[in-house]
Amino acid sequence: MSEQLVDEPVGTTDAADARPAYNPWQSLLWALRVSWLGAMACALVLELSGLIGEESYWWHSTFVDGLSYVLDSVVIWVILAAVIGLTNRVILSLGIVAAGTITLAAANRVKLGLRSEPVYPSDVDFLREPSFLLTQVSVGTLVVAGIGLVCLVVVAWLLGRRFEPRMPRIWPHHLTMRKQLVAVGVRAVLVTLAVGTIQNTANFNDPGNPLRGLYEVGDHEWKYWNQRNNYLANGFVGGFLSNMPTVAMKTPETYSEETMDAVATRYERAAARINRKRTGSLDDANVVVVLSESFTDPTQLQGFELARDPIPKIRKLMREGSSGTMMAQLLGGGTANMEFETLTGESIGLFEPQLSTPYQMLVSDYDQYPSAVGWFGAHGHTPIAVHPYLTSFYKRDKVYETLGFDEFIHDTTMTETDKIDDNEFISDKSAFDEVAQQIDEADEPLMVNLVTMQNHIPVDGNYDDPIPVTGVDGDQADRISNYARGLSHTDDAVAEFLTRMKRSKERTVVVFYGDHQPGIYDSSIADQNPGLALYTTPFFLWDSAGTPKQQLPQSSPTQFLPMLYDMVGAPLPPYYVLLNRLRTYVSALEQGRMLSPEGQEITEDDLPPKGKRLLEDMRLVQYDFSIGDRYSVERMWPGSMR
């Protein structure tokens with residue numbers, strides 16, 4: 001019997017019979033054309049999710065100057081090829097990939113609007129927090145979007161049945177056994193290659209990764225210090241892949257047990273000399289570290305004017321006490337990163353840039369991690385964490401245990417959970433009341449780490465009496481005026497808490513800082529506040545026994561607790577001696593930015609030899625503490641692991 005080249009008709013009533021007659025080569029060529037055009041369309045959607053509203057320079061860079069759009073399309077094409085290999089349907093597969101692409105583009109657009117940063121691979125963790133996602137996007141919007149995506153896939157399936165040429169079957173029965181095996185083998189190889197290429201994206205940051213090498217052809221630069229620009233410069237897919245997990249730090253060339261012994265000896269001796277002259281102590285004092293969500297001073301920004309100062313009490317306290325400004329890592333986000341820096345003294349700027357959230361990507365992998373929590377616990381304090389929100393947000397339930405907290409008080413275990421007007425987050429007053437109650441009830445001094453939520457976005461329509469604002473209008477005015485009213489509630493809550501601590505018979509010291517500017521300002525405001533203006537927040541140190549008046553340099557959170565020890569004259573662990581010495585050359589360090597004590601942006605090359613040596617010592621110690629063998633932990637920071 002001669003071989004047939006055309007399938008037998010299946011039936012006369014099936015809609016699929018309207019498709020053209022089966023020709024394997026024509027079908028494959030058709031599939032290649034349609035899938036490539038579909039991949040380009042999907043890539044275009046992803047690019048537009050970041051490009052809309054940006055300057056023409058970025059549009060030209062994406063579509064004319066570089067290879068990013070083409071490479072993004074190739075990556076999506078490979079993904080589409082794998083789906084086609086699994087479904088044996090081109091248009092249906094395109095519908096599935098398009099649905100995923102649209103979902104990712106929409107999430108990117110929302111996150112850029114809320115936090116001025118794109119979607120990261122690590123953001124998949126937020127899918128486990130539907131209650132948080134619902135605070136950012138309404139249920140109605142999600143339902144409509146979900147229905148739309150399902151309809152897209154269904155329409156793609158129907159169109160495929162009606163118009164798509166017949167694809168080669170998985171097991172072409174009209175061929176001889178030998179040719180059947182060849183056909184199946186070819187198909188299996190193609191699918192394997194596609195899946196293998198997709199798997200290769202997980203190792204995008206490994207040295208020698210061929211896909212990464214293609215993105216780096218020509219005039220290329222990864223802009224890790226500004227992820228928004230990183231995605232614009234390298235394409236959405238390129239930027240996304242550049243944030244795939246990687247090793248937290250490169251191993252310093254000189255790292256060894258002998259090197260760390262020498263480093264520990266050097267700072268132990270320095271600490272011994274310094275501590276001989278220190279007579280202060282925190283052993284009997286309550287230590288309260290407050291990360292105030294989105295707390296800033298909006299009166300320092302250009303482009304609008306508030307009817308009144310929203311933070312007069314804190315401003316007076318800062319003017320008369322010990323205070324300064326903090327350089328935030330990000331605009332509109334990075335809360336957990338600033339908390340990590342405060343508690344560990346480790347700088348995000350010294351990790352690999354792909355380590356976007358150490359809580360999720362590093363600390364949660366360990367049973368113990370060096371931190372001030374353990375240090376205070378070893379010096380007679382009971383460490384307590386207070387966060388009026390979900391326990392699993394940024395994996396805090398696991399992270400706080402790893403850091404050594406004895407107790408984690410959260411939204412469902414707090415005594416008070418009051419909210420103000422239409423704000424969906426627990427008020428700062430309730431959070432501070434919880435801290436005060438814990439201090440009142442404890443027999444021993446506490447170390448309390450409070451992370452508030454009241455001023456978290458969204459802020460639209462939160463309050464019945466927003467502070468009037470001029471210079472802007474519409475939604476922008478609504479956001480700023482409501483945000484300012486939230487700050488005034490924080491101002492009152494902080495003042496009340498400090499007054500209560502002042503009247504207490506127990507001594508309490510406080511570190512208070514804002515983690516980042518809120519993601520509420522549009523481009524008209526951003527353009528009028530260049531440089532560090534939108535990356536600056538206030539901080540202050542306070543002591544119920546009396547706070548000296550001093551203006552502190554713009555700093556990173558890594559320096560807050562060493563500054564507190566300096567303020568009260570308490571003996572320093574060797575690790576804090578290192579941080580103090582580094583601060584004399586580098587007062588603030590975040591990814592892509594370094595400041596001198598005078599507030600000037602500098603690079604490592606600008607540092608004198610001693611400054612470079614201190615920075616290298618910090619790299620060695622941070623590597624040793626984080627992913628190294630921890631040779632020096634018990635000498636540099638004794639008791640910091642519980």
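See above for the structure.
This one's a predicted model, so the numbers in the text were calculated from it and none came from an experiment.

Visitor: Please explain the packing of aromatic side chains as it appears in this structure.
Guide: Any pair of aromatic rings gets described here by the distance separating the centres and the angle formed by the planes. A complete count under the given rule lists 31 aromatic pairs for this structure. Each ring, one from Y255 and one from Y623, has its centre 4.8 Å from the other, and the planes form 75°; the classification is edge-to-face. Of this pair, Y255 sits in the loop between α10 (236–241) and α11 (257–275) while Y623 sits in helix α22 (residues 609–626); the two residues are 368 residues apart in sequence, bridging distant segments of the chain. In terms of burial, Y255 and Y623 fall into one category: buried. Aromatic pair F625 and W637: ring centres 6.4 Å apart, planes at 10°, arrangement stacked. Highlighted residues: F625 in helix α22 and W637 in the segment after α23 (633–636), separated in sequence by twelve residues. Under the relative-accessibility criterion, F625 is labelled buried at 0%. Assessed through its relative accessible area of 0%, W637 is described here as buried. One aromatic cluster in this structure is built from F376, Y565, Y575, Y576, F625 and W637. In this structure, K111 is placed above the aromatic ring of Y120, and the distance from its NZ or CZ to the ring centre is 4.2 Å. Positioned above the aromatic ring of Y366 is the side chain of R630, whose terminal nitrogen or guanidinium carbon lies 4.6 Å from the ring centre.

Visitor: What is the right way to read the pattern of salt bridges from this model?
Guide: One pass over the full model with this rule turns up 25 salt bridges. The partner of R315 in a salt bridge is D309, and the shortest N-O contact between them spans 2.7 Å. When its relative accessible area of 23% is taken as the criterion, R315 is described as partly exposed. Between E604 and R619 there is a salt bridge whose closest N-O contact spans 2.8 Å. With E604 in the loop between β12 (593–595) and α22 and R619 in helix α22, the pair connects residues that are 15 residues apart, well separated along the chain. Residue classification places E604 among the partly exposed positions, given a relative accessible area of 29%. The partly exposed category is assigned to R619, whose relative accessible area is 22%. Taken together, the shared-partner salt bridges connect K429, D433, D440, E496 and R500 into one network.

The rules behind these values
- Residues numbered from 1 in each chain as written.
- Predicted model: local features only at pLDDT ≥ 70, side-chain atom pairs only at ≥ 80, totals over all residues.
- Heavy atoms only, no water.
- Phe/Tyr/Trp six-rings, centres within 6.5 Å; stacked < 30°, edge-to-face > 60°.
- Helix = DSSP H or I, 4+ residues; strand = E, 2+ residues; numbered from the N terminus.
- Buried < 20%, exposed > 50% of the residue type's maximum accessible area, 1.4 Å probe, protein only.
- Lys NZ or Arg CZ within 6 Å of the ring centre and 35° of its normal.
- Salt bridge = Lys/Arg side-chain N within 4 Å of Asp/Glu carboxyl O.

Geometric descriptors of this kind do not, in isolation, establish any biological role.
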